[in-house]
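Examining the three-dimensional arrangement
Spelled out, the chains give:
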Amino acid sequence: MEHIRLPKVENVRLLDRVSPRRSRVGTLYLTATHSIFVVNEAGVRNETWVLHSLVFSAEKQAATPSGCPLIIHCKNFQVLHFVIPRERECHDVHLSLQRLSQPESYEELYCFSYKPNVDEVERRQEWDFLDLKTDYSRMGLPNSLWKLSPVNRHYKVSDTYPADLFVPESATPPVIVGSSKFRSRGRFPALSYYSKENHAAICRSSQPLSGFSARCLEDEQMLEAILRSNPCSDFMYVVDTRPKLNAIANRAAGKGYENEDNYSNIKFQFIGIENIHVMRNSQQKMLEVCELRSPSMSDFLEGLESSGWLKHIKAVLDAGIFIAKAVAEEGVSVLVHCSDGWDRTAQVCSVASVLLDPYYRTIRGIMVLIEKDWISFGHKFSHRCNHLDGDPKEVSPVIDQFLECVWQLMEQFPCAFEFSERLLITIHSHIYSCQYGNFIGNNQRERIELGVRERTHSLWSHLWTNHADYINPLYRPDHSQTQGLLRPSTAPYSFKFWRGLYNRFDRGMHPRQSVEDYLRAIQEETQQLEEQLASHKQKITQLEQEQGWSVTWKAATCDKSPTVRALGNDLSLANTPQDYTDGFITNSPKAPDDSLILQPQDSSQTSEPSFSNGSDQESGIADLSCRSPLSEDSTRDPDSDEAAYSAA
Amino acid sequence: MEFAELIKTPRVDGVVLHRPFLPTVEGTLCLTGHHLILSSRQDNTEELWLLHSNIDSIEKRFVGSLGSIIVKCKDLRVIQLDIPGMEECLNISSSIEALSTLDSVSLMYPFFYRPMFEVIEDGWNSFLPQDFYWWFYEWRLSEVNTDFSVCLSYPPLVAVPKDVDDDTLRKVSTFRHGGRFPVLSYYHKKNGMVMMRAGQPLTGTNGRRCKEDEKLINATLRPGKRGYIIDTRTVNVAQQAKARGGGFELEANYPQWRRIHKALERSNVLQDSLIKLVEACNDQNHSMDRWLSKLEASSWQSNVKEILTTACLAAQCIDREGASVLVHGTEGTDSTLQVTSLAQIILDPTCRTIRGFQGLVEREWLQAGHPFQQRCSQSAFSNTKPRVEAPVFLLFLDCVWQILRQFPCSFEFCESFLVLLFEHAYASQFGTFLGNSAADRSKLSLPEKTVSLWSWVNRPQELERLSNPLYEANSLVIWPSVAPQSLLLWEGVFLRWNRSSKCLDEAYEEMVHIIEYNKELQNKVNSLRRQLAELETEDPLLQES
């Protein structure tokens, strides 16, 4: 609380991003965990909640006569443009937010103070919801080829690896330890995915410390062991996901890549995915394009191109496809690494798994996959997501790219995924929100030290409880599209801009009617109908049997009560004209008055949703609700009509 | 002229057909007066029937004595025919070339086509002006153009203000480009505001005026009301038009009206845009950067955005500002119609039904004199310098598709209907899109000699195929987003032949299945409920008796 310099500011304006002339005036409150903007308009209270941990930056601009602008960029891509009446207040809010949004220690993170109404027993059960051992046994492990190794039990061999790892049956502890000494951060080759059908496996590691000529017998034995664990194959791929130039540069630092001559029967392959710094800058550029105020089509497409973002997404997906095909079509095992083996490697292994295994395209499966390839294998969430005030050069949207690859696949295979885009977006928000303990810290060891399992809640069980919200209505487990390996198109035109994530809060940009919601409502209704059908049938048989008996059935209250199909609702949410008049104002400078048409006076085109003040204060994520502008209109328009008619 | 003269080789055996994403077919190639037919010797293999008029351009290649003809179609499909024998290949290609570029309209297939289906309703009579415009009091249907003498591109009947007589119309027509005096395009029932369209006023450099024109335009406004003139050209272009006798309305002469200039592209620029877009879509080997930069350079999406924005503006003036609107560009037959027709999609729920949309195309495009025959004579693969051809109508359909994507439950038809109209506008067995105006159609006796596309569409089987399972009638004005992020590339047309649509088709089927299963259950439950009710009422009766 000591960081809050000013708990409340009145007469703050929140500008509309699409048309800045539409704005709302309200009161801004700062609490220990949230900024809350409250508007009271015509007796309707409207609240916008922003979690401090979701604030990416707060920028104070030079004061203007109308006040001092404060622009808040959030990690979930929400942008809030406040104008605060007095510079002094703006200054205080700005300083407070800067401090509150950049905690200096883990203890300050929201997950440690987030206390939903759940008792301790239940809280502990949340963490048992996902167990990676179950996933390995689903893959058929351990078996005669792969075993669970206790070698990293105490994080002695690699402090960024998980305690439980699967290695080839023939890999002895000395081989593992020897190999780990020849790999960056001790991240020796370990199993990520195993295909029961053909024994091919995906393994992952960090780069070898090969320099210009160094060798390591144990490392060579380790790869040999991986190769031998796939009895049907006489070679394996080693995939370095870095651009070749980057890998060569690493040799000078005593790192590098495998020399094909030193390892028996490997095929070495570079796949040029750029490093975290390139990705960070690329996303930043793309977000600037998303934020342009009424851009032309050229502005947008040029900006998208020069950001390079879709090119990078394509590179990640291409790499995933290469590996998935090696495993599924050639039956060849693959070892994947990059530099440290926690960014590009995580992306590529998890994308390959989604392509390979229908299980990872289910709601539970995608959670397991993130838990395995990202959380347990030590993707540095706290560094990459900037959970704490840290080195800005460590920040990078690596996990965003994975989620986007999945989304791109969902666009190409609409029936293949059990979940909808909404699940990906929710996961994305919570990776950054720090509301749950899952993504806190940089590796398993850190999370154990922080007592994450003891002190915080787990996102996975929360999502599972609400999993009906995330169902893709087009998914059917027995659909042909659901089965086996996905073979996506990687032609450039197959990649789309993910408006749903990057322009998520610009409500006006999204389709005004949702096919997904419509179908989901239909399916719910179908379910009710099935129940009614069964009960009617039963009653009829009963009645027919009970001839002569006096039975008074109370007519079942089965009047068709179609679930609100959210259509009318959706439509009224955002169905107001946009600013179509750009050219008009500039092209007719002689315009006699500026009051003209075309600025629809309803100020309520809410392009940022407001968050209801739910009991669990799920800020930034749930419950979009905004007021309908249509009611207003229907009262406004007839007035002018009346005048017109009476005059006529 | 006999077609036989043009067919040098009517039949070649051992021809191999290559199509993207489909297995190759070997068979016999036949040329008829109107079709290129390839049928395989095996059973169960589909035949290819291609209208010569659908062929945009062809290319020949030779490897030894094996020749290949690459056929590029107006519907953007590209197929390859491998023809054994150099002479056969040359003969076939020159025959195709001749047959696909016939000059005379009366030789076109629609004049030879005999429907294989029962015509339930003759589409030529489905959308008569007297059925549409009869109820707008303050407006009347004028017969001034019955013999097409006042305006060659207008239909015989046009809706004009009641107080304006035919003599005035004749005078006004001399002051408007192509004689296109202002006529009623749309009447907004909600507030009585109207949308009109016209050709540009012929003010010329010395600022010619026409009292009758001013009178007519003002007669459409109620006292004290304002109107907006949407000129689809920039101020500069409109200024330049004066030098060629054209121009724009001076506000001094039309005091109740305000002029708004928008920048919609002219037809030759649009044709270029289409060619570039299709070229980008067909370039299989390029990188992401090159694809995005080519997409941008084609300006297609920019055109979509500008047209849609202008239509929204017109709709906004009418619905939100309670003002009437007059739309024109230069001729009033291209960008003007894009704007007036799209504005109606936004404003009028009727236009979002299958039949209403047909009516809209009939009124705002066919009767309004969009020169289909000129505009659709070539498509994206044309090798010649564009003169009169332009994808004006395709852009309109693209804009409708964009709105459909944003309001997927508000249209009675689905995407296939838009694709169907695109195909038939460029090549068809039906006479609907032949000719450039109502006058042409009457001269060609199309209603007597050809079948209307609407006769085909308005049959139950076809209507079912074209209808949108998500449709729930909605009487609202629908305001689309015109942000670049909201406007997508129309894959169903531009990527249709470049990628397999299997997964997307399956998703569509799945959606239909979900909805149909729901309906089926509803029917079952209802019938059981009735049965149950009968049983319940019977029982006590039995007891009492």
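In this text the structure is predicted, and so the values were computed from the model without any measurement.

1. Some words on the overall build of chain B
- Looking only at helices and strands, chain B features 20 helices and 14 strands.
- Taking 545 residues into account, the globule formula puts the C-alpha radius of gyration at 24 Å, and chain B, at 26 Å, falls close to it.
- Dimensions along the principal axes, computed over C-alpha positions, put chain B at roughly 95 × 75 × 50 Å.
- Here chain B, with 545 residues, has 61% of them falling under the buried criterion.
- Expressed as a percentage of contacts within chain B between residues at least 6 apart in sequence, the contacts between residues at least 24 apart total 70%.
- Taken as a whole, chain B presents about 21,100 Å² of accessible surface, with 51% of it coming from carbon and sulfur.

2. Comments concerning the nonpolar core
- Ranked by internal contacts, the top residues of the largest apolar core, which has 228 residues, are A:Phe402, A:Trp460, B:Phe357 and B:Phe494.
- The dominant element in this core, judged by the number of residues it contributes, is helix α9 (residues 309-330) of chain A, at twelve residues.
- Core analysis: the second largest hydrophobic core is formed by 29 residues, B:Phe136, B:Val160, B:Leu216 and B:Tyr254 among them.

3. Comments concerning the sheet that holds strand β13 (residues 266-270) of chain A
All names here are of chain A.
- Spatial strand order, β10-β11-β14-β12-β13: five strands in an open sheet with mixed pairing. The open sheet is flanked by β10 (190-194) and β13, the only strands paired with a single partner. Across the sheet, the mean angle separating the axes of adjacent strands is 25 degrees when strand polarity is ignored.
- Here strand β12 (residues 236-240) pairs with strand β14 (residues 334-337) via four bridges, running parallel. What sits directly across from tyrosine 237, in β14, is valine 334.
- Contacting β10, β11 (201-205) and β14, helix α10 (residues 344-356) crosses the sheet at an angle of about 170 degrees to β11.

4. Overview of the environment of A:Ile448
- Here A:Ile448 shows up in helix α15 (residues 444-450).
- Counting along the chain gives 348 residues from A:Ile448 to A:Leu100, while the straight-line C-alpha distance between them is 25 Å.

5. Here we look at the pattern of salt bridges
All names here are of chain A.
- Under the criterion given, the structure shown has 64 salt bridges over all chains.
- One salt bridge connects aspartate 240 with arginine 242, and the closest N-O pair in it is separated by 2.7 Å.
- For aspartate 240, a relative accessible area of 0% corresponds to the buried category.
- Here arginine 242 falls in the buried class, since its relative accessible area comes to 0%.

6. Quick word on the side chain of B:Arg441
Residue and element names in this part refer to chain B.
- Within the secondary structure, arginine 441 sits in helix α15 (residues 438-443).
- Despite its burial, arginine 441 remains without a salt bridge, the nearest opposite charge being carried by glutamate 362 at 5.6 Å.
- A distance of 2.6 Å separates a polar side-chain atom of arginine 441 from the backbone oxygen of leucine 366.
- Those residues in contact with arginine 441 that sit more than four places away from it in its chain are Trp124, Leu366, Gln367, Thr432, Leu434, Leu446 and Pro447.

7. Brief notes about the side chain of B:Thr336
Residues and elements named next belong to chain B.
- You can see threonine 336 is positioned in helix α10 (residues 335-347).
- We classify threonine 336 as buried; its relative accessible area is 1%.
- Side-chain polar atoms of threonine 336 contact the backbone nitrogen of glycine 329, separated by 3.1 Å.
- With residues near it in sequence (within four places) discarded, threonine 336 still touches Arg197, Ala198, Thr232, Val327, His328 and Gly329.

8. Description of the sheet that holds strand β1 (residues 8-15) of chain A
Residues and elements named next belong to chain A.
- Strand order in the open sheet formed by seven strands is β4-β3-β2-β1-β7-β6-β5, and the pairing between neighbours is antiparallel. At either margin of the open sheet sits one strand with a lone partner, and together these are β4 (44-51) and β5 (55-60). Mean inter-strand twist for the sheet, computed between neighbouring axes without regard to direction, equals 30 degrees.
- Sheet topology places strand β2 (residues 23-30) next to strand β3 (residues 34-41); four bridges connect them, and they run antiparallel. Looking at the pairing, tyrosine 29 lines up with isoleucine 36 of β3.
- Against the sheet, helix α1 (residues 87-101) touches β1, β2, β3, β5, β6 (68-74) and β7 (79-84), its axis set at about 155 degrees to β5.

9. Remarks on α1(A)
All names here are of chain A.
- For α1, which comprises 15 residues, the first-to-last C-alpha distance of 21 Å matches the rise-based estimate of 21 Å (1.5 Å per residue) to within 8%.
- Among the residues making up α1, those that are buried are Glu89, Cys90, Asp92, Val93, His94, Ser96, Leu97, Arg99, Leu100 and Ser101.
- Those residues of α1 hidden inside the fold are in contact with β1, β2, β3, β5, β6 and β7.

10. With respect to the confidence of the model for chain B
- Looking at chain B as a whole, the pLDDT averages 93, with 97% of positions reaching at least 70.
- On the interface metric, ipTM, the complex scores 0.94, and its pTM is 0.91.

About the cut-offs
- Residues numbered from 1 in each chain as written.
- Chains lettered and ligands numbered in written order.
- Predicted model: local features only at pLDDT ≥ 70, side-chain atom pairs only at ≥ 80, totals over all residues.
- Heavy atoms only, no water.
- Helix = DSSP H or I, 4+ residues; strand = E, 2+ residues; numbered from the N terminus.
- Rg over C-alpha atoms; globule rule 2.2 N^0.38 Å.
- Buried < 20%, exposed > 50% of the residue type's maximum accessible area, 1.4 Å probe, protein only.
- Contact = heavy atoms within 4.5 Å.
- Areas by Shrake-Rupley, 256 points an atom, 1.4 Å probe, with all protein chains shown as cover.
- Core = buried A, V, L, I, M, F, W, Y, C linked by side-chain atoms within 4.5 Å.
- Pairing = 2+ DSSP bridges.
- Axes fitted to C-alpha atoms, helices over the stretch in contact; angles between N-to-C directions.
- Salt bridge = Lys/Arg side-chain N within 4 Å of Asp/Glu carboxyl O.
- Lys, Arg positive; Asp, Glu negative; His and termini not counted.
- Polar contact = N/O pair within 3.5 Å; in protein donor to acceptor, adjacent residues only side chain to side chain.
- Expected span 1.5 Å × (residues − 1).
- pLDDT = per-residue confidence, 0-100.

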